[in-house]
Amino acid sequence: MSDTLIPAATDRKPSRAVALAVAGVVGASLFTASRAYAQSKTYTFNDIPGSGDIKALNYALALEDLESALYLQCLDKLKALGISSGILFDYTSEFTTVEVDHAAFLRGAITSAGGSGAAIPVGTYAFGLDKITDARGVLEFLLQVEATGVRAYLGAIPFFTTKSAYLQTAAAIQATEARHTSVLTIVRNILYPGTNVDVAPLSGDTTINDAAYNTAVPNQGNKGIDVTLSPDVVLAGVSPFIVKIGP
């Protein structure tokens, strides 16, 4: 089965309020299902090893390790669902390679800057993908995590040292994550036109901050600017998927 068999988008677009409501229901159910699979420990920024730039880079690496594991598992899930071609499979496959490359690059940079043992160990992750029964569930999950990653990089900026040489690297990776989010949003709008959401924050969006953002809705922001999420907020959101960090 290919996801190209799913009906294409029509010219009709529902209101933004309806779109966000539907997205929230779908996304919330996915996170609830997945959380039952991991241990209860909530990781905080204090748990991230290192200090200064090394700590900030390790935080980014922890997220990239999680994302690369998710993409690899989602790619396998799509294959298990009988999907091995089409727009969703192709982009999932391409982005899997990118996320694996991100993690490898950051791990190498940290090791070079901080010496052996400076990089956070690779974790073990459980996403509850056995609870997802169709391609749309895979897409919704990937889109939520990518959108959170974009916000996470913005929130990590204050933790780099002043004029850090690594800020350019972090910004470059964040830009790639933002493109992933936009592409996956477009794929979502093409395959499932009844739940269209904006590809990027619109100038008319209301202000959203750490205390009032919706993980189920991508591309939230204010005045065309993405939401910024602090490390502890992000880690609280992804902790349910982390079984453990290290061997």
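See the structure shown above.
Since the structure is predicted, the reported quantities are computational estimates derived from the model, not experimental observations.

Turning next to unusual backbone geometry. In this model, Lys163 sits at a positive phi of 55°, which is unusual for a non-glycine residue. Of note, Lys163 is situated in the loop between α4 (135–156) and α5 (167–191). Accessibility expressed as a relative area gives 79% for Lys163, which makes it exposed.

This part takes up the environment of Tyr91. Within the element layout of this structure, Tyr91 appears in helix α3 (residues 87–114). Residues Tyr91 and Leu75, spaced 16 residues apart in sequence, show a C-alpha to C-alpha distance of 9.9 Å. For Tyr91, the residues in contact, after removing those within four places along its chain, are Val183 and Val187.

Packed helices, taken two at a time, are described by the angle between their axes plus the distance between the axes. For the pair helix α2 (residues 52–80) and α4, interaxial distance at closest approach is 11 Å and the crossing angle is 170°. Put simply, α2 runs roughly antiparallel to α4. For the pair α2 and α4, contact is made by Tyr59, Ala60, Leu63, Glu64, Leu66, Glu67, Leu70, Tyr71, Cys74, Lys77 and Leu78 and by Ala135, Val138, Leu142, Val145, Glu146, Ala152, Tyr153 and Ala156, respectively. Taken together, the residues that form the contact of α2 with α4 break down as 15 nonpolar, no polar and four charged.

The grouping of Ile186, Ile190 and Val199 at the surface amounts to a nonpolar patch, some 200 Å² of accessible area in total. Inspection of the secondary structure puts Ile190 in helix α5.

Here we take up the side chain of Thr148. Within the fold, Thr148 resides in helix α4. The exposure class assigned to Thr148 is buried, which follows from its relative accessible area of 9%. Ignoring any residue separated from it by four or fewer positions in sequence, one finds Thr148 in contact with Leu229 and Val234.

Our focus in this paragraph is the packing of aromatic side chains. Under the defined criterion, the tally for this structure stands at eight aromatic pairs. Each ring, one from Phe45 and one from Tyr59, has its centre 5.6 Å from the other, and the planes form 90°; the classification is edge-to-face. Of this pair, Phe45 sits in the loop between α1 (16–35) and α2 while Tyr59 sits in helix α2, placing them 14 residues apart in sequence. Take Phe45 and Tyr59: they sit in the same class, and that class is buried. A centroid spacing of 5.6 Å and a plane angle of 40° characterise the contact between Tyr91 and Phe95, whose relative ring orientation is tilted. Taken together, the residues Tyr91 and Phe95, both in helix α3 and four residues apart, mark about one turn of the helix.

Further remarks concern the nonpolar core. Judged by nonpolar contacts, the single largest core of 56 residues is most densely connected at Tyr59, Leu66 and Phe127. No other element matches α2, which puts 15 residues into this core. When neighbours within four sequence positions are excluded, Leu66 is seen to be in contact with Tyr125, Phe127, Val145, Val238, Phe241 and Ile242.

Below, the discussion takes up the side chain of Thr181. Following the sequence through the fold, Thr181 ends up in helix α5. Of note is the side chain of Thr181, whose polar atom sits 3.4 Å from the backbone oxygen of Glu146. Aside from chain neighbours lying at most four places away, what touches Thr181 is Leu143, Glu146, Ala147, Val150, Pro218 and Asn219.

Below, the discussion takes up the environment of Leu235. Secondary-structure assignment places Leu235 in helix α6 (residues 231–238). Spatially, the C-alpha atom of Leu235 lies 9.4 Å from that of Ala62, the residues being 173 residues apart in sequence. Each residue touching Leu235, except ones within four places of it in the same chain, is listed here: Tyr43, Thr44, Phe45, Ile48 and Tyr59.

This paragraph deals with the pattern of salt bridges. A side chain with one charge may pair with a side chain of the opposite charge, provided their charged atoms come close. For the structure shown, the criterion picks out four salt bridges. One salt bridge connects Arg107 with Asp65, and the closest N-O pair in it is separated by 2.5 Å. Of this pair, Arg107 sits in helix α3 while Asp65 sits in helix α2; the two residues are 42 residues apart in sequence, bridging distant segments of the chain. For Asp65, a relative accessible area of 7% corresponds to the buried category. Within this structure, Arg136, Glu140 and Arg188 form a network of salt bridges that share partners.

Reading the values: the criteria
- Residues numbered from 1 in each chain as written.
- Predicted model: local features only at pLDDT ≥ 70, side-chain atom pairs only at ≥ 80, totals over all residues.
- Heavy atoms only, no water.
- Helix = DSSP H or I, 4+ residues; strand = E, 2+ residues; numbered from the N terminus.
- Buried < 20%, exposed > 50% of the residue type's maximum accessible area, 1.4 Å probe, protein only.
- Contact = heavy atoms within 4.5 Å.
- Axes fitted to C-alpha atoms, helices over the stretch in contact; angles between N-to-C directions.
- Parallel < 35°, antiparallel > 145°, perpendicular 65-115°, else oblique.
- Nonpolar A, V, L, I, M, F, W, Y, C, P; charged D, E, K, R; others polar.
- Patch = residues over 30% accessible without salt bridge, like charges linked within 9 Å, V, L, I, M, F, W, Y side chains within 5 Å.
- Areas by Shrake-Rupley, 256 points an atom, 1.4 Å probe, with all protein chains shown as cover.
- Salt bridge = Lys/Arg side-chain N within 4 Å of Asp/Glu carboxyl O.
- Phe/Tyr/Trp six-rings, centres within 6.5 Å; stacked < 30°, edge-to-face > 60°.
- Core = buried A, V, L, I, M, F, W, Y, C linked by side-chain atoms within 4.5 Å.
- Polar contact = N/O pair within 3.5 Å; in protein donor to acceptor, adjacent residues only side chain to side chain.

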